[in-house]
Amino acid sequence: MTSTKTQNGKSAPSDAERGANRTLYVVFLSLVIDLLGFTLILPLLPSILDYYGTKQDTLYQSIKDSVTGFRELVGAPDTPRWNSVLFGGVIGSLFSMLQFLASPIMGAASDVYGRKPVLVISMIGVAASYALWAVSHNFTLFVIARIIGGLSKGNVSISTAVIADIFPPEKRGKGMAFVGVAFSVGFVFGPIIGAVFSRYARDQQEVFYTVPALFALALAVIDIIFVLMFFKETLPENKRAKSISSGWQNTSHLINPVSLFRFSSVTNTAARDLSAMQKIGAVYFLYLLLYSGLEFTLTFLTHNRLNYDR
């Protein structure tokens, strides 16, 4: 990317730079829309699990029995507060685990077929999960919706790949910062929107999660249309992988915990520097583990201790 000088001596962005910035803004807005829909459920999850607990559902009882066995194994107290947090942790972990497994596969597919078609397919899967959530009047349908959502949640990893496509290494930090900002916007305003729509639905004597689910579905559909209209493919055909297997060979280490902690993908690095990276990575992992646990269980704290209800 080259720039030209303007009359005042400042560099004017080239056509390539303007195109990259435009794509970055499209990706940013798409992520904001997606994350607003994704976070709608967060303040509602404890109430949703309580709601399904009042119904007779074989899957619910099976997971509850497994959670009870785990609680007894670790010696956690047998109280409704602990049981609900452990149960919610299972449901939340299911989504995250499936996302962890599916993201590298979607990334490998995007290396072969291009970013845009795989991104749109991912968004369609997310929209389908919201549609199923809106009509999930039993726990089994709700879990199926979460499974579909987790398997389809590859748009974030594809978005980071898009940033790698459009920016040289020295400028990718700017693009990754936009991804962080999108997460911040989504996680600040999404739960608020979800709670507001939930209260509205309860005032209208409707099932409290239906309106938030439909709003999440509307956001997902808007996101699909937005990407179809404004996102331009960033991976030319001459730079694509020949097959998914070849792309998978380059990304399979991303779901291998040992490879991740060892930074096996990092090459041409001095042993001392690699050791420092491994230590920093381990510390950062522990920080994220503890912080994510705090963030996820906060809604259960407000629900169980402060009587927050939808």
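These numbers come from a predicted model, not from an experiment.

## Details of the overall build of the protein
Here's step 1: Counting secondary structure elements, the protein contains twelve helices and two strands.
Here's step 2: Along the chain direction, N to C, the helices and strands of the protein fall in the order β-β-α-α-α-α-α-α-α-α-α-α-α-α.
Here's step 3: When the 310 residues of the protein are sorted by exposure, 40% land in the buried category.
Here's step 4: Long-range contacts, defined here as pairs at least 24 residues apart, represent 75% of the contacts in the protein between residues at least 6 apart.
Here's step 5: As displayed, the protein has an accessible area near 17,000 Å², and 64% of this comes from carbon and sulfur atoms.

## As for the layout of surface pockets
Here's step 1: Within this model, the second largest pocket holds a volume of roughly 430 Å³.
Here's step 2: Every residue lining the second largest pocket is counted, 22 residues in all, and those nearest its centre are Gly53, Tyr60, Lys64, Asn83 and Phe87.
Here's step 3: If you tally residues by element for the lining of the second largest pocket, the top one is helix α3 (residues 58–74), at six residues.
Here's step 4: Across the lining of the second largest pocket, the residue classes tally to seven nonpolar, eight polar and seven charged.

## Some details on the packing of aromatic side chains
Here's step 1: Using the criterion set out here, one finds 19 aromatic pairs in the structure.
Here's step 2: Note on Tyr52 and Phe139: the rings are 5.8 Å apart at their centroids and 65 degrees apart in plane angle, and the pair reads as edge-to-face. Linking Tyr52 in helix α2 (residues 45–53) with Phe139 in helix α6 (residues 139–152), this pair joins segments that are 87 residues apart in sequence.
Here's step 3: The class for Tyr52 is buried, based on a relative accessible area of 0%.
Here's step 4: One aromatic cluster in this structure is built from Tyr51, Tyr52, Tyr60, Phe87, Phe139, Phe142, Phe208 and Tyr209.

## As for the confidence of the model for the protein
Here's step 1: Averaged over every residue, the pLDDT of the protein is 83; residues scoring 70 or more account for 89%.
Here's step 2: The least confident element of the protein is strand β1 (residues 4–5), whose mean pLDDT is 52; the most confident is helix α5 (residues 115–134), at 95.

## Observations concerning the nonpolar core
Here's step 1: Judged by nonpolar contacts, the single largest core of 59 residues is most densely connected at Ile48, Phe87, Trp133, Phe139 and Phe142.
Here's step 2: Of the residues forming this core, the biggest block, eleven residues, is contributed by helix α1 (residues 15–38).
Here's step 3: Those residues in contact with Phe87 that lie beyond four places of it in its chain are Leu49, Tyr60, Ile63, Lys64, Val67 and Phe139.

## Quick word on α6
Here's step 1: Compared with an ideal rise of 1.5 Å per residue, which puts 14 residues at 20 Å, α6 spans 20 Å between its outermost C-alpha atoms and is within 8% of the ideal.
Here's step 2: If you check which residues of α6 are buried, you get Phe139, Phe142, Val143, Ala145, Arg146, Gly149, Gly150 and Ser152.

## A few points about empty space enclosed by the protein
Here's step 1: If you walk through the whole model with that rule in mind, you get three cavities of 30 Å³ or more.
Here's step 2: In this structure, the largest cavity occupies an estimated 130 Å³ of space.
Here's step 3: Considering the residues around the largest cavity, the lining is formed by Gly37, Phe38, Ile41, Phe95, Val126, Ser129, Tyr130, Trp133, Ala145, Arg146, Gly149 and Lys153.
Here's step 4: Mapped by element, the contributors of at least two residues to the lining of the largest cavity are α1, α5 and α6.
Here's step 5: Here the element with the most residues in the lining of the largest cavity is α5; it accounts for four residues.

Here is what the cut-offs are and how they apply
Residues numbered from 1 in each chain as written. Predicted model: local features only at pLDDT ≥ 70, side-chain atom pairs only at ≥ 80, totals over all residues. Heavy atoms only, no water. Helix = DSSP H or I, 4+ residues; strand = E, 2+ residues; numbered from the N terminus. Buried < 20%, exposed > 50% of the residue type's maximum accessible area, 1.4 Å probe, protein only. Contact = heavy atoms within 4.5 Å. Areas by Shrake-Rupley, 256 points an atom, 1.4 Å probe, with all protein chains shown as cover. 1 Å grid on protein atoms, 1.4 Å probe; cavity = no way out; pocket = protein on both sides within 12 Å on 5 of 7 lines; lining within 4 Å. Points joined across faces, edges and corners; volume = space filled by probe spheres on them. Nonpolar A, V, L, I, M, F, W, Y, C, P; charged D, E, K, R; others polar. Phe/Tyr/Trp six-rings, centres within 6.5 Å; stacked < 30°, edge-to-face > 60°. pLDDT = per-residue confidence, 0-100. Core = buried A, V, L, I, M, F, W, Y, C linked by side-chain atoms within 4.5 Å. Expected span 1.5 Å × (residues − 1).

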